[in-house]
Amino acid sequence: MSGHRRRPPQRSTGGTHAGRDRAAAGHRTERRDRTPRQDMPHRGRRRAPQRRRWIDYPRRGRTGPRRWLPSVRQLLGLFLFFLGGTAAAVGYAYATVTIPDPNPTTLLQNNVYYWSDGTVLATDGSVNRQNVTLSQVPADVQWDFIAAENASFYTDPGIDPKGILRAVVHMAEGGSVQSGSTITQQFVKNTYLDQSQTLSRKFKELLISSKIGASMTKQQILQGYLNTCFFGRQANGIQAAARAYYNLPVEKLDASQGAFLAAAVNEPSLFQRADSDPAARKQAQARWSWVLDRMVSTGRLTPQQRARYAAVGFPAPRKWTPGAGLTGQTGYLVQLARSYAEAHDRTITDRSLSRGGYQIHTTFDRKKTADLARAVAEVRTERLDPGHRPVDRDVQVGAASVDPATGRILAVYGGAGFDHGHYSDNADTSGVPMGSTFKPVVLAAALRHGAVLRPGRPPEPITPASKFDGDDGIRIKDQQGHYVTDDKDPTGLLHQHNDTPDHWGYITLRKAMEMSVNTPYVQLGEDVGYGDVASTAGALGLRPASLAAPSAGFYIGTSTPSAVRMAGAYATLAASGMRATPYSVTKVTHNGSALPGFTAPAPVRALPAAVADNVTDVLRGVIARGTGTKARALGRPAAGKTGTTDDYRSAWFIGYTPQLATSVVLFREDPNHPELQSLVGVGGLQKVFGGDIPTEIWTRYMSDALAGLPAASFPVPAPLRHGTDEPGAPAPSASAGKPGGHSHKGTTPTAPGPGTPTTRPKCHGHRCR
C-alpha cells in the first residue's frame with residue numbers, strides 16, 4: 001500500500017445523485033481547465049465568446065456574398081421601419097400643415113405690353129370672374145362636371161391616391177407633375193396654391209385636400225371649384241364662361257351646354273377656338289359627346305335624354321370677340337406678342353396670362369406702326385369705293401415691316417381692328433398664295449446650287465444672265481428630261497402660261513424677274529429641283545409647313561407664308577444673306593422677375609453674300625424698269641418684287657432698302673365665308689397686280705418710315721462665275737452687242753441683249769418645244 005490513503009466515498013444527505021453529478025461535472029471542468037493548450041494541437045485556438053449584436057449585419061457565420069445579404073427577418077424589419085417612419089412623417093406633416101388663406105383676387109393683375117420705346121402699348125388679362133353660389137348652377141350642369149372630372153366626388157375623401165401615384169411616376173420619368181385628379185384637389189390648386197409644377201407643391205396639395213375634405217362640405221368645394229376653373233376666352237369661373245361662350249347667365253345653361261364647358265376645363269386654349277377653327281371644333285365636339293355619355297353611365301341622364309341632345313346637335317359657342325378694348329392695330333400687336341411669348345416659354349399659357357402679372361416688352365415701333373396704318377387707310381380711301389363698287393367690299397390688307405440687321409418686327413398691319421369685328425391678323429396668317437414674290441427664292445437656289453440642264457449630267461452654274469425660254473404655253477421638263485404632266489390639260493402635259501401671250505423668246509433670268517415672266521422660272525425651278533429650292537426657302541426663314549407640295553406651280557408661288565415671314569425672308573437678302581429671325585418680344589417679367597428665353601435671335605449665315613447681293617441687284621431692276629416702277633417714288637436705293645396669283649386672288653409687293661424690309665399683301669375675303677375671292681374689278685381695275693395698290697401702300701409707308709434717315713446704298717455684288725444658258729438658247733455671239741429684237745412694252749434694256757424678246761431659233765437640244 002502506498003502512503004496515501006484512499007478516501008472513503010462521502011455519503012450525501014438529501015440530493016445524493018445530484019451532488020455526485022455536480023461533483024463529476026466540476027471535476028471534468030477542472031481537468032479541462034488544467035489541460036495545457038499544447039496537449040490539443042488538433043483543435044486550434046479557442047475563440048473568446050462573442051457578445052450578441054442587436055443587428056446581425058454583416059451576418060455572422062456566413063462567408064462570401066451571403067455575409068452581405070440581409071435575411072428575410074431583416075428585410076421585413078427594414079420595411080416596417082420605413083413604413084412606420086413614413087407614416088409618422090405624413091402624420092406630422094398633416095398635423096402641422098394649415099389651410100392657407102385663399103388667393104385674393106386683388107393680387108391678380110393685368111398684363112402690360114410696352115412699345116419698343118418703353119411706353120405702354122396696351123393692357124389685358126384682367127381677371128374676368130363673377131362668383132356664383134352653387135344653387136345658381138343648374139343641377140344637370142353640376143353633374144356634367146362631376147361626370148367629366150370626378151365621378152366619385154360625393155363619396156371620396158377628397159384625394160385620389162392612384163392619381164397621386166401616377167403624378168409621381170410621371171415626374172420620375174422626366175415629365176411635369178400632373179394636376180390632381182379629384183375636384184377637391186383642383187379646387188385646392190386653384191384657390192390656395194400657385195401653379196408651380198413641383199413635387200413639394202403636389203404633396204402640399206394632397207395634405208390640404210385631405211383637410212379641406214374633412215372641414216368643408218362637398219357643396220362648398222364644388223361651388224369653389226366652379227368659380228375658380230379657367231375655361232379659356234379669359235373666363236375664370238363658370239359664370240364668366242357662360243357669358244363668353246353662350247352669352248347666357250349660368251342659370252340658363254342646359255346639360256348640353258354644361259357638357260361643353262365641363263370639357264373645356266381640360267383644354268381651354270382649344271375650346272376657345274371652336275367657333276372658328278374646324279379642327280378645334282371637331283375635337284371639342286368629340287369631348288362634349290364623351291361627357292354626355294359619362295352622364296348616362298353615371299345615371300344622371302337617361303338614354304332618351306341623351307338622344308334628344310344628340311338630335312339637337314353640338315351646342316356651338318358664339319363667335320369669340322377677344323380683347324374688345326384693343327382698338328386699331330393694338331389687338332394684332334398684342335396677339336403677336338402673346339403668341340411669341342407662349343412659344344418661347346412653356347410656363348406662359350392662356351391660363352397664366354389670364355391670371356395676369358406679366359410685363360411684355362415688344363419690338364414694335366410706335367411711329368412706324370402709325371405710319372403703316374395711315375398708308376393703308378390713305379390708299380384705301382383713294383383707290384377703293386365700297387359704297388358704289390360692291391367688289392371693293394371685303395378687300396383685306398396685311399403688311400409687316402422688319403429690321404434687316406436685327407430681325408425686330410417694327411410694325412404690322414393686321415386689318416381693320418378688333419373694334420371693327422376683324423380678329424384675324426392678316427400680317428401673321430397663312431393661306432394667301434405669294435405668287436411671283438417666290439421667284440427670288442428660286443433664283444437664289446439656282447445661283448447657289450446650279451441647275452441640271454442636261455439629264456444625267458451634274459448641275460451647271462447659273463447667273464442672272466443665263467437665258468431661258470420665256471414664251472407663253474411652253475412645255476416643262478424635269479431633271480430627267482421628261483415632260484411634266486398636267487391632268488387638266490387635254491394633252492396630258494403641262495403647258496406653262498404667263499400673264500400675257502407675248503413671245504419673249506429666250507430671255508435672261510434678270511429680265512424675266514423684272515417683267516415677272518413665269519415660264520423661265522418654272523423651268524429653272526424644275527432644273528434646280530424641289531429639294532434645293534425648298535431648303536433655300538427654309539434658310540431664308542420660311543416655315544416648311546407654309547411651303548406647297550412639289551409641283552410646277554411651286555416655283556411661281558403656290559406656297560402661303562405670312563407677310564411677317566416674307567418680310568423676314570427679303571430682309572435676309574437686304575442683309576447680304578445674314579438671316580435674323582423675325583421676333584416681337586425683347587423681355588418678359590412676371591411679378592417683377594425676368595423670365596429666361598427672350599434673348600434676341602443671333603443672325604446666322606443663310607446665303608453666301610455673293611448670292612444674296614446678286615439677287616438684290618436683280619430685284620433693283622424690278623423697281624427701276626420692271627413691274628414695280630411705282631416704287632421709284634421712294635427716291636432712294638430699293639429692291640423688291642411684285643406678285644400676282646392665278647385668278648388674281650392675291651397681289652403682293654415686297655421690297656427693301658438696307659435699313660428696312662416691308663411686305664404688303666392684298667386679297668379679298670368675305671368674313672362670313674373665309675375663302676379667297678378674285679380681285680378682278682377692285683379699284684376699278686380690270687386686273688389687280690402687285691405693282692399697283694400694294695406697291696402704292698409700300699411706297700407711301702416706306703417714305704414716312706425712312707424719313708430723316710440718310711439714303712443707304714446696297715453692296716456692290718461680287719461677280720459670279722460664267723453662267724449657263726438653257727439648251728436651245730441662241731449662242732452668246734448671236735445677241736452680243738445689240739438688243740437682239742424689239743424693246744418690249746416700251747422698256748429699253750440697259751445692257752446689250754438681256755431681256756428683249758427674240759425670235760425662237762431652230763431646235764437645239766432636248767429643251768426645244
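What counts and how
Residues numbered from 1 in each chain as written. Predicted model: local features only at pLDDT ≥ 70, side-chain atom pairs only at ≥ 80, totals over all residues. Heavy atoms only, no water. Helix = DSSP H or I, 4+ residues; strand = E, 2+ residues; numbered from the N terminus. Buried < 20%, exposed > 50% of the residue type's maximum accessible area, 1.4 Å probe, protein only. Contact = heavy atoms within 4.5 Å. Areas by Shrake-Rupley, 256 points an atom, 1.4 Å probe, with all protein chains shown as cover. Pairing = 2+ DSSP bridges. Salt bridge = Lys/Arg side-chain N within 4 Å of Asp/Glu carboxyl O. Core = buried A, V, L, I, M, F, W, Y, C linked by side-chain atoms within 4.5 Å. Phe/Tyr/Trp six-rings, centres within 6.5 Å; stacked < 30°, edge-to-face > 60°. Axes fitted to C-alpha atoms, helices over the stretch in contact; angles between N-to-C directions. pLDDT = per-residue confidence, 0-100. 1 Å grid on protein atoms, 1.4 Å probe; cavity = no way out; pocket = protein on both sides within 12 Å on 5 of 7 lines; lining within 4 Å. Points joined across faces, edges and corners; volume = space filled by probe spheres on them. Nonpolar A, V, L, I, M, F, W, Y, C, P; charged D, E, K, R; others polar. Expected span 1.5 Å × (residues − 1). Patch = residues over 30% accessible without salt bridge, like charges linked within 9 Å, V, L, I, M, F, W, Y side chains within 5 Å.

In terms of regular secondary structure, the chain is built from 23 helices and 17 strands. Residue burial in the chain is summarised as follows: out of 769 residues, 48% are buried. Contacts in the chain between residues at least 24 apart in sequence constitute 70% of all its contacts with a sequence separation of at least 6. With the model as given, the accessible surface of the chain reaches about 37400 Å², and the carbon-plus-sulfur share is 54%.

Once that is clear, we can look at the pairing of strand β1 (residues 111–114). Residues of β1 alternate between two faces, with N111 and Y113 on one and V112 and Y114 on the opposite face, all of them buried. Bridge count between β1 and strand β2 (residues 120–124): 4 bridges; the pairing is antiparallel. Within the sheet, the bridge partner assigned to Y113 lies in β2 and is A122. Relative to strand β3 (residues 358–362), β1 runs parallel, the two sharing 3 bridges. Across the sheet, residue Y114 finds its bridge partner in β3, namely H361.

The next subject is the pattern of salt bridges. For the coordinates displayed, the defined rule picks out 21 salt bridges. Between E460 and R454 there is a salt bridge, with its nearest N and O atoms 2.7 Å apart. The exposure class of E460 is buried, given its relative accessible area of 12%. The residue R649 makes a salt bridge to D647 at a minimum N-O spacing of 3.9 Å. Connected through salt bridges with shared partners, the residues K367, D371, R374 and D704 form a single ionic network.

Turning our eyes to something else, we now look at the nonpolar core. With 86 residues, the main nonpolar core has F438, I462, L524, L619 and Y656 as its most contacted residues. Sequence-distant contacts of I462, defined by excluding residues within four places in its chain, comprise A446, L447, G450, A451, L453, F468, L509, L524, G723 and T724. In terms of nonpolar packing, the next biggest core, distinct from the first, is built from 50 residues, L226, L261, A264 and V265 among them.

The tally for this structure, following the rule as stated, stands at 18 aromatic pairs. When the centroid spacing of 6.3 Å and the interplanar angle of 80° are considered together, the rings of F145 and Y225 count as edge-to-face. Taken together, the residues span a long stretch of sequence, with F145 in helix α3 (residues 139–149) and Y225 in helix α7 (residues 218–228) at a distance of 80 residues. Residue classification places Y225 among the buried residues on the basis of a relative accessible area of 0%. Here the aromatic rings of Y648 and F689 are separated by 5.8 Å at their centres, their planes lie at 90°, and the arrangement is edge-to-face. You can see Y648 sitting in the loop between β14 (639–644) and β15 (650–656) and its partner F689 sitting in the loop between β17 (673–677) and α22 (693–705), a full 41 residues away along the chain.

Examined against the element boundaries, N614 turns out to sit in helix α21 (residues 609–625). Beyond its immediate stretch of four places on either side in the chain, N614 contacts L447, P717, A718 and L720.

As a further point, take the sheet that holds β1. Taken together, 5 strands build an open sheet; the order of strands is β2-β1-β3-β11-β12 and the sheet is mixed. The open sheet has two free edges, formed respectively by β2 and β12 (593–594), since each of these has just one partner strand. Contacts from helix α13 (residues 330–344) reach β1, β2, β3 and β11 (585–590) within the one sheet, and its direction differs from that of β2 by about 75°.

Right, let's talk about unusual backbone geometry for a bit. Residues other than glycine seldom take positive phi values, yet N247 does so here, at roughly 55°. Within the secondary structure, N247 is located in the loop between α8 (238–246) and α9 (255–264). What makes N247 partly exposed here is its relative accessible area of 47%.

Let us look at the confidence of the model for the chain. Per-residue pLDDT for the chain averages 83, and the proportion of residues at 70 or more is 77%. In this model, residues 1–20 is a region of pLDDT below 50 whose contacts with residues beyond four sequence positions or in other chains number 0 contacts. Low pLDDT, under 50, characterises residues 733–769; the predicted model gives this stretch 75 contacts beyond four residues in sequence or across chains.

For the rest of this paragraph, the subject is the layout of surface pockets. Taken as a whole, the second largest pocket encloses approximately 1600 Å³ of empty space. Taken together, 47 residues line the second largest pocket, and the ones lying closest to its centre are S276, Q335, Y423, S424 and D425. Contributions of two or more residues to the lining of the second largest pocket are made by α13, α14 (350–355), β16 (661–670) and β17. Considering only residue class, the lining of the second largest pocket consists of 14 nonpolar, 19 polar and 14 charged.

Along the chain, Q239 falls in helix α8. Of the residues examined, Q239 reaches a relative accessible area of 11% and is grouped as buried. Sequence-wise, Q239 and P249 are 10 residues apart; in three dimensions their C-alpha atoms are separated by 6.4 Å. Residue contacts for Q239: discarding those within four places in its chain leaves Q130, V132, L248, P249, V250 and E251.

Glancing now at the pairing of strand β4 (residues 395–402). In the case of a regular strand, side chains alternate between the two sheet surfaces. Of all the 8 residues making up β4, 8 are buried; the element is thus mostly covered by neighbouring parts of the structure. Here β4 shows no split at all, with V395, V397, A399 and S401 on one side and Q396, G398, A400 and V402 on the other all buried. Sheet topology places β4 next to β16; 8 bridges connect them, and they run antiparallel. Across the sheet, residue V402 finds its bridge partner in β16, namely A661. Relative to strand β5 (residues 409–413), β4 runs antiparallel, the two sharing 4 bridges. Its bridge partner being in β5, A399 is matched across the sheet by Y413. Taking the residues between adjacent antiparallel strands as the criterion, β4 and β5 are bridged by 6 residues, where G407 takes a positive phi near 85°.

Turning next to helix α20 (residues 563–574). End to end, α20 covers 16 Å across 12 residues, agreeing with the expected 16 Å (1.5 Å per residue, within 8%). When you tally the buried positions in α20, you get 12 out of 12 residues, the bulk of the element. Looking at α20, one finds that the buried residues are A563, V564, R565, M566, A567, G568, A569, Y570, A571, T572, L573 and A574.

Taken together, the side chains of L76, F79 and L80 make up a nonpolar region of the molecular surface, amounting to roughly 330 Å² of accessible area. F79 sits in the exposed class, given a relative accessible area of 52%.

With that settled, consider the environment of M434. Residue position: M434 is located in the loop between β5 and α16 (439–449). Take M434: its relative accessible area is 0%, and that puts it in the buried class. Along the primary structure M434 and A563 are separated by 129 residues, whereas in three dimensions their C-alpha atoms are 9.0 Å apart.

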